[in-house]
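Each chain, written out:
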Amino acid sequence: MDQVLIFDTTLRDGEQSPGATLNVEEKVEIAHQLNRLGVDVIEAGFPYSSPGDFEAVSRVAKEVKGPIIAGLAHAHAKAIDACWEAVKHAKRPRVHVFLSSSDVHLMYQLKKNHEEILELATEMVGRAAKHLSDVEFSPMDATRTNREYLYRILESVIDAGATTVNIPDTVGYTTPEEFYDLIKSIFEKVPNIHKATVSIHCHNDLGLSVANSIAAVRAGARQVECTINGIGERAGNASLEEIVMAIRTRNDLYDIATNIDSTQIYKTSRLVSDLTGMSVQPNKAIVGANAFRHESGIHQDGILKNPITYEIMTPTSVGVPKTTLYLGKLSGRHALKDRLEDLGYSLTDEELKKTFQAFKEVADKKKEVTDRDLEALMGEERRTHHETYHLEHVQVACGDHDVPTATVTLKGPDGEVTTDAAVGTGPVDAVYKAINRIVDVPNQLTEFSIKSVTEGIDALGEVTIRVESNDQTYMGRGAHTDIIVASARAYMNALNRLLAARSAEVEKVTVSSG
Ligand code: KIV
Ligand code: ZN
C-alpha cells in the first residue's frame, strides 16, 4: 500500500489561531505527543518571526527524536539562515520556504512581477539547499495562481534543490474537483516532478479543507499538511484526525496508509485543546464530545444489538477511553493511578500525591468522578508546574443585596504569602481585583467563557479566559466544582503565563546585551 506522509503544523499554522499562543514548554510537550501519535513531520514554528519561536523550534529539534523537524521561513536570506540554525540539531531537519505566487498577492502585497518572484524563489531554495538536503517550497496562494506560471515555479525550485513542493490553498478557496484536477495537472505538466514529493496544505474557509486534502491524495499527493482539531489561521486548517480516520475507515476507496497510531488521537486532541484554550465543539467529527454518543432510542437499540449498526469506527480506535466504572469517594490511590494510566497519564509519586488530594476533594462533592473529570484534574495539575504565583485561598461574599467582596491569599515567587481583598461589580470582578492588588500587572480581560466538564448540577466547571497586555494575548484555564474558584484559577494561570513570557524576554535582553 502507498504511504501518505502526515505533516503536522499545529505548532506553526495552528498556533496562528487568534489567541492560541503557546509557550516553549507547551510546544515541546505537544511535540512529544505528536511523536507518540506517529506524525512524519512536525512543523515546530517560524524561527525568524520571534526569539520565542526560534527557541521552541530548536528545543523541539534537540529533544524530539523520530519525526522530521521542520521550520518555516519566508523567502529572505536571514529567515532561511535562522531557520537552518534552529532545525539543524534535529536528526532529520527540514527548511520550509514560502513565497506568494498568485497575481493578487504579487500585485497588491509584494509589488513584484512574475520573473522577479520566480528568481527569488529559486535563489532562496538554492540557499536553503546549501544548508541541508531536505527543503520544502510552498508557492503561497497556489490555488489562485496562474497554472502555467505555477508549473514554471515548481520546475525551477525543484531544479534548485526542493525535495518537497507544497501546494497551499492559502485562503480556502478551492473545491475537491478543482483541486484534484490541479494536482493531476502538476504531475502532467512539471517535467521534473518525479524528483519531489507533492504535498498539499488546505485551509477551511469554505469548510472543504478535509475533502480537498483527500481529493489531492487521490490525485497523487503524498504529503498532507494538517493540524490537530483543525486549528489554524482564520477558519483553520484541515484536521489531522479527520483526514487520517477518513483514509482508514474508507480504505475500500483509498488504497493508502499513514503511520499514525490512531489510538493516540483523542489524547493529542485534549492536550492541544487544553494548552491552546481552543475548545473542541461537541459535534466535531472524531474528537467532539458527541462524536460517539447515541441519543435516539432507535440508534441506542441498534448499538446495543451490534455497534456497527450506527458506528463506522469504534471509540477505542481513536483512543476515546472506554469507561465501565467510575471512581468515587471510596476509590483509593491505586484505583486512581490505574485509571489515569488507562487514560495515558503516567505520574511520579509526587504528582500522584497531589492529584489524589485534588481527586478526593472532587469525589467528596461529586458522586461519580468520570474520565472527563480526571482529564480536567490533570489539566489543573499541569498548570501548577510553572507558577510564579500560586492561589492558596479564595473566598467571596455576594448576592443581590450584598456588595460582592473577595479575599484572596497567594503564595509569591519567594514563598511569601499575601492576603488582600477587594470589592467588584460581581464576584469574579471582585476576585480579579483582589488578585490584581497583589500581582500588579496591568492587563485587560478580553474573553471569559465557562462550561461544565460533564452533565449534572455537581459537575466541575471549566473556565477559559484571555487577557491582553502590551498587545499580546494570554490564555488561562481553571477547573473546580465552584465556578468562582475555577475563575480565580483561570486568572492565575493567565497571569503566570504573562509573567513567564515577560521574564523570558528580560532574560533574552540580558543575554544578548552581554
Ligand atoms: O496557508 C499557507 O499558504 C501557509 C504556507 C506558509 C504554507 O501556511
Ligand atoms: Zn496555512
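Novice: I tried to follow the coordination of the zinc ion (ligand 2) on my own but got confused; where do I start?
Specialist: At this site the zinc ion (ligand 2) is bound by D13 (OD), H201 (NE2) and H203 (NE2), with donor distances of 2.0 to 2.1 Å. Taken in sequence order, the residues that donate to the zinc ion (ligand 2) follow the motif D-x187-H-x1-H. Each member of the pair H201 and H203 is classed as buried.

Novice: Could you clarify how one ought to interpret the pairing of strand β9 (residues 223–226) in this entry?
Specialist: On a regular strand, each side chain points to the face opposite its neighbour's, so the side chains alternate between the two faces of the sheet. Going residue by residue along β9, you find Q223 and E225 tucked away on one face and V224 and C226 tucked away on the opposite face as well. Across four bridges, strand β2 (residues 5–8) lies against β9 in parallel orientation. Counted as the bridge partner of L5 is Q223 from β9. The pairing of strand β8 (residues 197–202) with β9 spans three bridges and is classified as parallel. Looking at β9, one finds that I200 is bridged to V224. On the question of chirality, the crossover connecting β8 to the parallel β9 by way of helix α8 (residues 209–218) is right-handed.

Novice: Explain the site of ligand 1 to me, please; I cannot follow it from the model alone.
Specialist: As a matter of local geometry, ligand 1 sits amid R12, D13, H96, F98, S138, M140, N166, P168, T170, H201 and H203. Contact distances for ligand 1 include 2.6 Å between an oxygen atom and a side-chain N or O atom of T170. Within the side chain of H203, a nitrogen or oxygen atom sits 3.0 Å from an oxygen atom of ligand 1. When the free accessible area of ligand 1 is taken as 260 Å², the share hidden by the protein chains comes to 95%. Those elements that provide at least two residues to the shell around ligand 1 are β5 (93–100), β6 (135–140) and β7 (164–169). In terms of residue class, the shell around ligand 1 is made up of three nonpolar, six polar and two charged.

Novice: So what exactly am I meant to see when it comes to the sheet that holds strand β12 (residues 405–411) here?
Specialist: Pairing between the strands of a sheet is mediated by backbone hydrogen bonds and can be parallel or antiparallel. Strand order across the open sheet formed by three strands is β11-β12-β13, with antiparallel pairing between neighbours. Whereas interior strands pair on both sides, the edge strands pair on one side only; in this sheet they are β11 (390–397) and β13 (417–423). Neighbour to neighbour, the strand axes of the sheet diverge by 15 degrees on average, direction disregarded. Where β12 meets β13, seven bridges bridge the pair, whose relative direction is antiparallel. What sits directly across from L410, in β13, is T418.

Novice: Just to check I follow, could you spell out the nonpolar core for this structure?
Specialist: Nonpolar side chains in soluble globular proteins generally cluster together in the buried interior. Of all hydrophobic cores here, the largest spans 93 residues; its most connected members are I42, F137, V165, I167, I183, I186 and I200. The leading source of residues in this core is helix α6 (residues 147–160), at seven residues. Core analysis: the second largest hydrophobic core is formed by 29 residues, A422, I438, V485 and L495 among them.

Novice: How should the pattern of salt bridges be read in this particular structure?
Specialist: For side chains of opposite charge, pairing can occur when their charged atoms come near one another. With the rule as written, the count across this model stands at 37 salt bridges. Taking the shortest distance from any N to any O, the salt bridge between D301 and K305 comes out at 3.0 Å. Separated by four residues within a single helix, D301 and K305 lie in helix α11 (residues 297–305), roughly one turn from each other. The exposed category is assigned to K305, whose relative accessible area is 65%. D373 serves as the salt-bridge partner of K366, at 2.6 Å between the closest nitrogen and oxygen. One connected set of salt bridges, linked through shared partners, spans E29, D274, E380, R382, R383, R477 and R489.

Novice: For this particular structure, what's the right way to read the domain arrangement of the protein chain?
Specialist: Put simply, an interface is often sized by how much accessible area is lost when its parts join up. By the assigned domains, the protein chain splits into domain 1 (10–257) and domain 2 (390–511). Taking only C-alpha atoms, the centre of domain 1 and the centre of domain 2 are 38 Å apart. In this complex, domain 1 contributes five residues to the contact, which on the side of domain 2 involves five residues. Carbon and sulfur atoms supply 36% of the area that domain 1 and domain 2 bury against each other, a total of about 500 Å² over both sides. When the buried surface of domain 1 facing domain 2 is broken down by residue, G19, T21 and P51 rank first, second and third, together holding 64% of it. Counting the contacts that link domain 1 with domain 2 gives one salt bridge. Between R497 and E26 there is a salt bridge whose closest N-O contact spans 2.6 Å. The interface formed by domain 1 and domain 2 holds two residue pairs in polar contact (both at pLDDT 80 or more) in total. Residue composition of the side of domain 1 that touches domain 2, by class: one nonpolar, two polar and two charged.

Parameters at a glance
- Residues numbered from 1 in each chain as written.
- Chains lettered and ligands numbered in written order.
- Predicted model: local features only at pLDDT ≥ 70, side-chain atom pairs only at ≥ 80, totals over all residues.
- Heavy atoms only, no water.
- Donors = N, O, S within 2.8 Å, 3.2 Å for Na, K, Ca; no water.
- Buried < 20%, exposed > 50% of the residue type's maximum accessible area, 1.4 Å probe, protein only.
- Helix = DSSP H or I, 4+ residues; strand = E, 2+ residues; numbered from the N terminus.
- Pairing = 2+ DSSP bridges.
- Right-handed = clockwise from strand over helix to strand, strands pointing away.
- Near = heavy atom within 4 Å.
- Polar contact = N/O pair within 3.5 Å; in protein donor to acceptor, adjacent residues only side chain to side chain.
- Areas by Shrake-Rupley, 256 points an atom, 1.4 Å probe, with all protein chains shown as cover.
- Nonpolar A, V, L, I, M, F, W, Y, C, P; charged D, E, K, R; others polar.
- Axes fitted to C-alpha atoms, helices over the stretch in contact; angles between N-to-C directions.
- Core = buried A, V, L, I, M, F, W, Y, C linked by side-chain atoms within 4.5 Å.
- Salt bridge = Lys/Arg side-chain N within 4 Å of Asp/Glu carboxyl O.
- Domains from an automatic or database assignment.
- Contact = heavy atoms within 4.5 Å.
- Buried area = accessible area lost by both parts, 1.4 Å probe.

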